[in-house]
Amino acid sequence: LLQLFQRQFLRKLPATVKLFVTGQSEKDIDKTLSEYAHTIKETDLGHLEDLNVYIRCSVQDIFDRLTEDASATISIQNAADLIFEKSEGNFVYAAVVVDQMNEWFKGDLSLADFQANLKNLPQGLDSCYQKTFEKFIRSNPIYGRSFLL
């Protein structure tokens, strides 16, 4: 299947297409696609800069839509710094948190509540997934029981 993918799809892609993402490193995938491979590590400076910009712009966008309070600037900076630190360099974590922040602000949320929610964000993607799964089990006990069995 991998060789078919390489022969039928990769060689026929336009030169402008340069992105193929896998979640885990696999020897056969690495070997077959080695001529196309480019790995971005969570510790690469350029990656971290991009992540930081994404978080800051996302947080700024949320605050711009919701508040005209000049004191919110400090909260924007603090929120962006905290999310960046807790992301552990992971864009997926940042995207999940930004989506969650949008949900927080659909109701009436005070700045103090927002800051409390930020402090309760899980550290890293694994903890984020665990927290989401636990919330799912609490909300759906019948399904949760079948997952645990």
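Reference entry: report on the structure contained in this document. This one's a predicted model, so the numbers in the text were calculated from it and none came from an experiment.

Scoring rules and cut-offs
Residues numbered from 1 in each chain as written. Predicted model: local features only at pLDDT ≥ 70, side-chain atom pairs only at ≥ 80, totals over all residues. Heavy atoms only, no water. Helix = DSSP H or I, 4+ residues; strand = E, 2+ residues; numbered from the N terminus. Buried < 20%, exposed > 50% of the residue type's maximum accessible area, 1.4 Å probe, protein only. Contact = heavy atoms within 4.5 Å. Areas by Shrake-Rupley, 256 points an atom, 1.4 Å probe, with all protein chains shown as cover. Patch = residues over 30% accessible without salt bridge, like charges linked within 9 Å, V, L, I, M, F, W, Y side chains within 5 Å. Salt bridge = Lys/Arg side-chain N within 4 Å of Asp/Glu carboxyl O. Core = buried A, V, L, I, M, F, W, Y, C linked by side-chain atoms within 4.5 Å. Phe/Tyr/Trp six-rings, centres within 6.5 Å; stacked < 30°, edge-to-face > 60°. Lys, Arg positive; Asp, Glu negative; His and termini not counted. Charge placed at Lys NZ, Arg CZ, Asp CG, Glu CD.

**Describing the overall build of the protein**
So, step 1. Helices and strands together make up the secondary structure of the protein, namely eight helices and zero strands.
So, step 2. Ordering the α and β elements of the protein from the N terminus gives α-α-α-α-α-α-α-α.
So, step 3. In the protein, which comprises 149 residues, the share counted as buried stands at 25%.
So, step 4. In the protein, 68% of the contacts between residues at least 6 apart in sequence involve partners at least 24 apart.
So, step 5. When the accessible surface of the protein is totalled, it reaches about 11000 Å², and 56% of it is carbon and sulfur.

**Examining a nonpolar patch on the surface**
So, step 1. A surface patch of nonpolar side chains, amounting to about 250 Å² of accessible area, comprises Val-92, Val-96 and Tyr-129.
So, step 2. With respect to the helices, strands and loops of the structure, Tyr-129 is situated in helix H7 (residues 124-139).
So, step 3. The exposure class of Tyr-129 is partly exposed, given its relative accessible area of 47%.

**Structural notes on the pattern of salt bridges**
So, step 1. Scanning the entire structure with this criterion turns up one salt bridge.
So, step 2. Residue Asp-81 pairs with Arg-56 through a salt bridge whose shortest N-O separation is 2.6 Å. Here Asp-81, found in helix H4 (residues 72-87), pairs with Arg-56, found in helix H3 (residues 45-66); they are 25 residues apart in sequence, far enough to count as distant.
So, step 3. Of the residues examined, Asp-81 reaches a relative accessible area of 33% and is grouped as partly exposed.

**Structural notes on the nonpolar core**
So, step 1. Ile-55, Val-59, Ile-83, Met-101, Phe-114, Leu-118 and Leu-121 are the most contacted members of the largest nonpolar core, which has 21 residues in total.
So, step 2. At the level of elements, H3, H4, helix H5 (91-104), helix H6 (111-119) and H7 are the ones that each hand at least two residues to this core.
So, step 3. For this core, the leading source of residues is H5, giving six residues.
So, step 4. Setting aside residues up to four positions removed in sequence, Ile-83 forms contacts with Ile-55, Val-59, Tyr-93, Val-97, Met-101, Leu-118 and Leu-121.

**A look at the side chain of His-47**
So, step 1. Inspection of the secondary structure assignment puts His-47 in helix H3.
So, step 2. When near neighbours in sequence (up to four residues on either side) are disregarded, His-47 contacts Ile-40, Lys-41, Glu-42, Gly-89 and Phe-91.

**Description of the packing of aromatic side chains**
Two measures describe an aromatic ring pair: the distance that separates the ring centres and the angle between the ring planes.
So, step 1. By the definition in use, this model includes one aromatic pair.
So, step 2. Summarising the aromatic geometry, the rings of Tyr-54 and Phe-91 are spaced 5.7 Å apart at their centres and angled 50° between planes, so their arrangement reads as tilted. Of this pair, Tyr-54 sits in helix H3 while Phe-91 sits in helix H5; the two residues are 37 residues apart in sequence, bridging distant segments of the chain.
So, step 3. The class of Phe-91 is partly exposed, set by a relative accessible area of 32%.

**Examining a negative patch on the surface**
So, step 1. A contiguous patch of negative charge on the surface is contributed by Glu-42, Glu-85, Glu-88 and Asp-126.
So, step 2. Positionally, Asp-126 belongs in helix H7.

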